Amino acid sequence: AAADWEVHQLTGVDVGQPKLFAIRKSLYSSFSMRSQKDYLAKLSDDVLLAPYDDPKDAVGKKGAAALFDEWLKTFSEGVVNAEEGWSVDGYVVLLGTFKGKHIGPWGPLKATNKPFTSHFIDIARINKSDLVERVWTYANNYEVLRDLGYRE
């Protein structure tokens, strides 16, 4: 119901908001550098990663670590970039790209060893300790499938 929705509206410049954007971008850097330790250090203990292109969410640091390992087994040379973003009230919205090479099984698809690019949008909530506690991600897997040769 609409009464259950949260509404956040950017009404002016808040000097704290660029910090939130930097926190989220640093998470991408740690993934791109393949540093699970750095990646997990930026997450709250009860983090929830909800990628809408994956059938399951990653819950807690243990779940985040497993998802991180899965990504590294499936995609090499992964680079995540945030090209645009906004932040308000402890939330960060980022538009970006994930580029890499498909080196391992991805669902029913066998490794193709082909490069790919995927555009995504992330909505992340950063807590008062500057840790990422929730991330909702939508990625355009059609692009990945096209780049891997599965779609025209």
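In the block above lies the structure referred to throughout.
Definitions and limits used
Residues numbered from 1 in each chain as written. Predicted model: local features only at pLDDT ≥ 70, side-chain atom pairs only at ≥ 80, totals over all residues. Heavy atoms only, no water. Core = buried A, V, L, I, M, F, W, Y, C linked by side-chain atoms within 4.5 Å. Buried < 20%, exposed > 50% of the residue type's maximum accessible area, 1.4 Å probe, protein only. Helix = DSSP H or I, 4+ residues; strand = E, 2+ residues; numbered from the N terminus. Phe/Tyr/Trp six-rings, centres within 6.5 Å; stacked < 30°, edge-to-face > 60°.

Teacher, can you tell me more about the nonpolar core here?
Across soluble globular proteins, you tend to see nonpolar side chains buried next to one another. Judged by nonpolar contacts, the single largest core of 29 residues is most densely connected at Y39, L43, L49, F98 and V132. Only α1 (17-32), α2 (36-41), β1 (43-51), α3 (60-74), β3 (75-88), β4 (91-102), β5 (115-126) and β6 (132-139) provide two or more residues apiece to this core.

How do you make sense of the packing of aromatic side chains when you look at a structure like this?
Note on aromatic pairs: each is described by the distance of the centres and the angle between the planes. In this structure the tally under the stated criterion is six aromatic pairs. Look at F98 and F116: their rings are 5.3 Å apart centre to centre, the planes differ by 70°, and that puts the pair in the edge-to-face class. In this pair, F98 sits in strand β4 while F116 sits in strand β5, placing the two residues 18 residues apart along the sequence. The exposure classification of F98 matches that of F116, with both residues buried.

Could you clarify how one ought to interpret the environment of G90 in this entry?
Locating G90 in the fold gives a position in the loop between β3 and β4. Classification of G90 as buried rests on a relative accessible area of 15%. Counting along the chain gives 35 residues from G90 to R125, while the straight-line C-alpha distance between them is 5.7 Å.

Interpretation note: all reported values are geometric properties and have no functional meaning in isolation.
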